[in-house]
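So the chains spell out like this:
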Amino acid sequence: MAGMSGRMSTVIKAKVSKLLDRAEDPQETLDYSYQKQLESLQKVKKGIADVVTAKKRLQMQQEKLEQSVVKLDTQARQALSAGNEELARTALERKQLGQTELQSLDTQVSELEGQQQKLTESEKRLRAKIESFRTKKEVIKAQYSAAEAQVRISEAATGVGEEMADVGLAMQRAVDKTENMKARASAVEELEAAGTFEDLTQLGSGQDDIDRQLAELTTGSEVDDELAKMRAELGSGGAPGGGQLEAGKGGA
Amino acid sequence: MIVRIMTEGQYRLTDDVRARVNDLDNRCVEAVERGDEPAFHAIFEELLALIHAEGEALPDDDLEGSDVLVPPPDTSFAEAAADFSGEGLIPDSP
């Protein structure tokens, strides 16, 4: 058997022989193997918990970003009605960046949800196989001579060993994906830390740099379109007071 | 024959389905050899779909080992290069 099957077979054989490590006495082998299986199950459970934690972190970012987007939209409106088009443009640029991030977060969250589901199913399969092994182990202990038992034990352990190797692979893939998401989450947190989604009226000295980055990240035409739309809305609906924005003008 | 789709579970295949899977397996190898990523993904999808549709899922508590291990459904083209080589997953002359 070439390729993957060869490589994975080696992994599985290693798992199985590790399971059967203490082979002096079949009774002991069975109990040791069962113990290892339970440990493997615990690892999967921890793996699932890690994915859930990473997902929650992204979901919290989603909530924060959603609030920021609403706030920036309001600020853009207020800036425009106060006649400060430059500030309105900045607010809309940031809103657009926030929306792009939100879309990306949506994708990441559903990706992690998929991983969570996959691992949960793996855990269920492994649990069923371990339970089946437990029953078989008692039968083997009760019914077979030592020589016969060895054969039966390796038969039973092959199925569980394969499942353990499979769960190991599923975990590895989940961990890789979760690490990517964590890096992603940190990138969003950096943007937040730089004040990108902060209240525009409270921006400090880092603002010029943020504006430069924003100009690179966002396309002007979409912002222009939204600005025009907003202007039209405000024009027809009458301009509300822009009191809060007076403070913002200085910083824009 | 029992196949395991890695990260997904085990299926029992009839000889007829095994032959069809083997054919797709060989076509995966060919696609990988000529560096045709879209073709690989299309054929690999077909292979997985065939196992899903025609294979009989083994019960979770079954302790039988598998004869063939199919790489995970989310296998990338780069990973496939290592997995689908030579005779592929199923040897041509068993």
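Participant: Would you mind going over the interface of chain A and chain B with me for this structure?
Facilitator: With 30 residues of chain A at the interface, the matching set in chain B holds 31 residues. Buried area between chain A and chain B, summed over both chains or domains, comes out near 2300 Å², and the portion from carbon and sulfur atoms is 52%. Viewed at the interface, chain B and chain A are joined by seven salt bridges. The partner of Arg4(B) in a salt bridge is Glu162(A), with the nearest N and O atoms 2.5 Å apart. Scanning the region where chain A abuts chain B turns up 17 residue pairs in polar contact (both at pLDDT 80 or more).

Participant: Please clarify how the environment of Glu162(A) should be interpreted in this entry.
Facilitator: On the secondary structure map, Glu162(A) appears in helix α4 (residues 146–193). In sequence terms Glu162(A) and Glu113(A) are 49 residues apart; their C-alpha atoms lie 25 Å from each other. Not counting residues up to four positions away in its chain, the partners in contact with Glu162(A) are Ile12(A), Arg4(B), Gln10(B), Gly65(B), Ser66(B) and Leu69(B).

Participant: How do you make sense of unusual backbone geometry when you look at a structure like this?
Facilitator: Trans is the prevailing form of peptide bonds, just as negative phi is the prevailing case for residues other than glycine. Residues and elements named next belong to chain B. We note that Thr-7 has phi near 65°; this positive angle belongs to a residue other than glycine. Position of Thr-7 relative to the elements: it lies in the loop between β1 (2–5) and β2 (9–12). Here Thr-7 falls in the buried class, since its relative accessible area comes to 4%.

Participant: I keep staring at the side chain of Asp166(A) and nothing clicks. Help me out?
Facilitator: Assignment of secondary structure puts Asp166(A) in helix α4. For Asp166(A), a relative accessible area of 0% gives the class buried. Once you skip the residues sitting within four places of it in the chain, Asp166(A) turns out to touch Arg125(A), Arg4(B), Ile5(B), Met6(B), Thr7(B), Glu8(B) and Gly9(B).

Participant: I tried to follow the confidence of the model for chain A on my own but got confused; where do I start?
Facilitator: Low pLDDT means the predicted atomic positions in that stretch should not be read closely. Residue and element names in this part refer to chain A. Counting all residues, the mean pLDDT for chain A is 80, and 79% of those residues have values of 70 or more. Confidence scores differ between elements of chain A, with helix α7 (residues 246–251) showing the lowest mean pLDDT of 43 and helix α3 (residues 85–143) the highest of 91. pLDDT under 50 marks residues 241–252. Its contacts with residues more than four places away, or in other chains, come to 22 contacts.

Participant: Any chance you could explain the packing of helix α2 (residues 26–81) of chain A against α3(A) here in plain terms?
Facilitator: In helix packing, the relevant descriptors are the interaxial angle and the interaxial distance, both defined with respect to the helix axes. Residue and element names in this part refer to chain A. The contact between α2 and α3 brings their axes to 7 Å, and the two run at 165°. Considering their axes alone, α2 and α3 lie roughly antiparallel with respect to each other. With respect to the hand of their crossing, α2 and α3 are arranged in left-handed fashion. Its residues assigned to classes, the contact of α2 with α3 comprises 29 nonpolar, 14 polar and 16 charged.

Participant: Sorry, what's going on with the pairing of β1(B) here?
Facilitator: One face of the sheet, then the other: side chains in a regular strand alternate in exactly this way. All names here are of chain B. Neither face of β1 is left uncovered, since the one carrying Ile-2 and Arg-4 and the one carrying Val-3 and Ile-5 both have all their residues buried. Bridge count between β1 and β2: four bridges; the pairing is antiparallel. Across the sheet, Ile-2 pairs through a bridge with Arg-12, a residue of β2. The antiparallel pairing of β1 with β2 creates a hairpin that spans three residues between the two strands, and Thr-7 there sits at a positive phi of about 65°. In terms of strand pairing, β1 meets strand β4 (residues 68–70) through three bridges, oriented parallel. Each bridged residue has a counterpart across the sheet, and for Ile-5 the counterpart in β4 is Val-70.

Participant: What exactly am I supposed to notice about the pattern of salt bridges here?
Facilitator: Pairs can form between side chains of opposite charge whenever their charged atoms are close. Per the counting criterion, the structure on display carries 27 salt bridges over all chains. Between Glu226(A) and Lys95(A) there is a salt bridge whose closest N-O contact spans 2.4 Å. Of this pair, Glu226(A) sits in helix α6 (residues 220–237) while Lys95(A) sits in helix α3, and the two are 131 residues apart along the sequence. With relative accessibility at 23%, the residue Glu226(A) sits in the partly exposed group. Among the salt bridges present, the one from Glu163(A) reaches Arg4(B), with a minimum N-O distance of 2.9 Å. Of the two residues, Glu163(A) sits in helix α4 while Arg4(B) sits in strand β1, which places them in two different chains. Taking the relative accessible area as the measure of exposure, Glu163(A) reaches 1% and is therefore buried.

Parameters and conventions
- Residues numbered from 1 in each chain as written.
- Chains lettered and ligands numbered in written order.
- Predicted model: local features only at pLDDT ≥ 70, side-chain atom pairs only at ≥ 80, totals over all residues.
- Heavy atoms only, no water.
- Contact = heavy atoms within 4.5 Å.
- Buried area = accessible area lost by both parts, 1.4 Å probe.
- Salt bridge = Lys/Arg side-chain N within 4 Å of Asp/Glu carboxyl O.
- Polar contact = N/O pair within 3.5 Å; in protein donor to acceptor, adjacent residues only side chain to side chain.
- Helix = DSSP H or I, 4+ residues; strand = E, 2+ residues; numbered from the N terminus.
- Buried < 20%, exposed > 50% of the residue type's maximum accessible area, 1.4 Å probe, protein only.
- pLDDT = per-residue confidence, 0-100.
- Axes fitted to C-alpha atoms, helices over the stretch in contact; angles between N-to-C directions.
- Parallel < 35°, antiparallel > 145°, perpendicular 65-115°, else oblique.
- Left-handed = near helix turned anticlockwise from the far one by under 90°.
- Nonpolar A, V, L, I, M, F, W, Y, C, P; charged D, E, K, R; others polar.
- Pairing = 2+ DSSP bridges.

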